Amino acid sequence: MLNADQVGFHLFEYARHFLTCCRRLLGLNYGMFPDSSGGHNLAIDTNGRHVSVTSIHAGVEPPVLHQVLSHKSTCDRVASIRNQFRGKVIFAAIDRMESLKGIPLKLIALERFLQRCPEWAGKIVVVQVGISAFERGDDYTKTRNEIISMVTNINNRWPGTVQFQECAESEMRLQQRMALLRAADVVMVTTIRDGLNLIPLEFTIAHLDALTEQGRNDGRKRGLCILSEFSSCTRVMRGALHVNPWKISEIATAFYQALTMSEDERMRRISIASEFVTRVTTQRWALAVMLDLKGVQKNEDAGKYAGAGLGLGFRLLGMDSKFNSLDANSVARAYRSAKSRLILLDYGGTILANDNLDQLQRFQFVKKSRPPSVPTEGLISTLKELCSDHRNIVFVVSGKERHSLTKTLCHIPNLGLAAEHGMFVSWPTPKVGGKRRWETLVPDQDRSWRSIATMIMEVYTSRTHGSYIEETEMKVLWQYRDADPEFGYLQSRELEDHLSNVLRGFSVDILHGGVEEGGYVEVRPKGVNKGVVSMHIIKNMEKIFNKGKLEFALVIGDDHCDEPMLSVMRQVGRRASEAHIAKKGGQPLAPLPATIAQVDVSSCDEYISSNLKCFTSTVGKKPTAAANYVNDVEDVHELLESLVKVTTRETVHSGFYSVVDLKTMDDTPTSPGPEAVKFDAQTSWQRSLSMCQLHTPDMSGEPTDARVSNNLDDFLGTMEEDGEDDDNFF
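Residues numbered from 1 in each chain as written. Predicted model: local features only at pLDDT ≥ 70, side-chain atom pairs only at ≥ 80, totals over all residues. Heavy atoms only, no water.

1. Regarding the confidence of the model for the protein chain
Confidence in the prediction for the protein chain averages 82 pLDDT; 81% of positions are at 70 or higher. Scored below 50 in pLDDT, residues 654–706 makes 62 contacts in the model with residues more than four places away or belonging to other chains. Below pLDDT 50 for its whole length, residues 711–730 participates in 34 contacts with residues either more than four positions away or in separate chains. (pLDDT = per-residue confidence, 0-100. Contact = heavy atoms within 4.5 Å.)

2. Describing the pairing of strand E15 (residues 392–397)
With six of six residues buried, E15 is to be regarded as a mostly interior element. Here E15 shows no split at all, with Asn 392, Val 394 and Val 396 on one side and Ile 393, Phe 395 and Val 397 on the other all buried. Across five bridges, strand E14 (residues 341–345) lies against E15 in parallel orientation. Residue Leu 345 lies in a different strand from E15, and its bridge partner there is Val 396. Across four bridges, E15 lies against strand E16 (residues 415–419) in parallel orientation. Each bridged residue has a counterpart across the sheet, and for Val 396 the counterpart in E16 is Leu 417. Between the parallel pair E15 and E16, the chain is carried across by helix H15 (residues 402–409), and the sense of this crossover is right-handed. (Buried < 20%, exposed > 50% of the residue type's maximum accessible area, 1.4 Å probe, protein only. Helix = DSSP H or I, 4+ residues; strand = E, 2+ residues; numbered from the N terminus. Pairing = 2+ DSSP bridges. Right-handed = clockwise from strand over helix to strand, strands pointing away.)

3. Focus on the sheet that holds strand E21 (residues 508–513)
A sheet is described by the order of its strands in space; here four strands give the open sequence E19-E20-E22-E21, paired in antiparallel fashion. Both outer strands of the open sheet, strand E19 (468–471) and E21, are each paired with one neighbouring strand and no more. Taking each pair of neighbouring strands and ignoring which way they run, the sheet shows an average axis angle of 15 degrees. By the bridge criterion, four bridges tie strand E20 (residues 476–479) to strand E22 (residues 520–525) in an arrangement that is antiparallel. Bridging across to E22, Trp 478 finds its partner in Val 521. (Axes fitted to C-alpha atoms, helices over the stretch in contact; angles between N-to-C directions.)

4. Quick notes on the pattern of salt bridges
Considering all chains together, one arrives at 34 salt bridges under this definition. In this structure, the salt-bridge partner of Asp 139 is Arg 136, at a minimum N-O distance of 3.4 Å. Note on Arg 136: relative accessible area 37%, which makes it partly exposed. Between Asp 605 and Arg 575 there is a salt bridge, and its shortest N-O distance comes to 2.6 Å. Linking Asp 605 in the loop between helix H19 (563–584) and strand E24 (608–619) with Arg 575 in helix H19, this pair joins segments that are 30 residues apart in sequence. Asp 605 gets classed as partly exposed once you look at its relative accessible area, which sits at 32%. For Arg 575, a relative accessible area of 34% corresponds to the partly exposed category. Salt bridges sharing partners connect three or more residues here, namely Arg 96, Glu 98, Glu 135, Arg 136, Asp 139 and Glu 169. (Salt bridge = Lys/Arg side-chain N within 4 Å of Asp/Glu carboxyl O.)

5. Considering helix H18 (residues 530–545)
Helix geometry: H18 is bent most strongly at Lys 539, by close to 40 degrees. Restricting attention to buried positions, one finds in H18 the residues Lys 530, Gly 531, Val 533, Ser 534, Met 535, Ile 537, Ile 538, Asn 540, Met 541 and Phe 545. Structurally, the start of H18 carries an N-cap: the backbone nitrogen of Gly 531 is 2.8 Å from a side-chain oxygen of Asn 529. Among the residues trailing H18, Asn 546 stands out with phi positive, at a value near 55 degrees. (Bend = angle between axes of the 7 residues up to and from the residue. Polar contact = N/O pair within 3.5 Å; in protein donor to acceptor, adjacent residues only side chain to side chain.)

6. Details of the sheet that holds strand E23 (residues 550–557)
Across the sheet, which stays open at both edges, the nine strands sit in the order E13-E25-E24-E23-E14-E15-E16-E17-E18 with mixed pairing between neighbours. A strand with exactly one partner marks an edge of an open sheet, and here the two such strands are strand E13 (324–325) and strand E18 (439–440). Examined bridge by bridge, E23 and E24 share seven bridges and lie parallel to one another. Note on E24: the bridge partner recorded for Ala 553 is Cys 614. Each of E15, E16 and strand E17 (424–426) touches H15; the most contacted strand, E16, lies at about 155 degrees to it.

The structure is reproduced here in structure tokens:
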């Protein structure tokens, strides 16, 4: 249903149940969102899209019903029914034979009414038509047997009071139905739970002439509806007698009211009921639905919407039209040619399975009763290989505490760590094991706010069942993911407002994650997030690592905590692309999607190359600030392993180069001839006569050892092996 642009319901009551299910089961937010015309629509925010929710009750088409009523066969059938029950007040009911339709409750109420008002015995008749519902199985069989038994008991005591007839749905079409409703004086719907039921509307159309002078003088007390308050049309048929079918006394009283009601009140009720029936016709209802659909804000770019999943798991996502799967070949090409590289990786959910998906596991981690997942040997080996390349700076940027990261990743040399969303940074070091040196992203200020925040959160924890407090070195969280979603959300909004007022004088940020993000209120030092630490790492690359300007960046995350990092790095890459285009006078780039939070990253300009190739990716196909996505954690592992293979291949074949390598060099024109030709000083490559020797000349002027293939087989074998690798990566 959420794959549609608009979901319509007959009543807001039904829409409210749907909204509640979306909040409780899927953790989605809903509210009044602005539309393209300047107004606001009730909508659900899901997967980067707004699904409009409307409510308008369906109607009937009076001209069609009048045509059926005026047909000769209908008139003959009406006369036949009236003659069959001459002198009696006819109560009609047409229901499917299932327990939800409340037929037994109606019969129990009829029995009670006749017991208390025996003077009406023989003066009324209830014509109960039961539509066979074989598809309901045992429910149909049980309901049918119960109805037949009750009808028999009533007719034995008051003969001829109930006329029960079972028929197939094909035998009770519009013409037969309108004939019975026209002949009846009162219609009854005592359903326990019902969706759309148009029988009361059709009955009202059949008795509109009761409001005329001729209708008033026909001697019949007709045109009244007795409706269950659980039927949809109860909200629009305000002139009917409303009853709770579970209260037998109310239905019995409704029998008495319908029989003894004054003429003025009966006319007033019929008039009120006819107002909706004549105003909201089927045609007008369809027009309203189409106008609502026309008002739904839809992006004209068809590429803005993408599908994910199969079968019942299919969902429609709203995202950037250029949001595609991350191309590993493009990443490998850019990685191979870059001399200064930065790789930023999230921890849980990116390079390691996410432990936060299970609420019980999350609670156990917080209470330290369950150990967290640890990286595999294969992942450790891959990270070691990446960190061993002197051109790489690899950082794991996580929301976990320092001791958790140190315990699992401290034995990887030259791996940088950023804990608690970047509050604590440990720069890459060749030393392994033991304690790591950490620095804080922001100055270590007054921490007295922690005790205040904790004290306030404890009050809300005692009031909100299922909530608990999580404390780390840097932050304090109030988790309500296990509480009632709606009550927890209301309490979180109140807590957020309370903390904002009390902690106004402290340098802290108060963040509120919705139900879909786990449901929490977090207090942390001001100016700490993964985006800020990303910029901090870029600015310190040249000073700490003696690196040149950044030429390659790969950033991968998986959840809302990684969005600041993805957003910042994508904007850094865009500024580099804009600078490169400005030099060459190319066309300006398209604007960034709205999912990207605009941040001033101009302070990083002097540390990045205009040829920077920046790749940002999220794990899983979903709305994000990243430019691309990978499907799962296994895809992240495969991507990192492919980068390791690129490095390994360069090491193994450092003296021989394939045709693909030649394409990456500067195409400096060379004059033909048997002599070897040198490229310019920029590329400083030298090509030999046999093309078997390709290396950088020694600028010192001293002779270097030439590496030449022993025979043609060696040379061709080398080229063939290189070609196979090129097929794998490019």
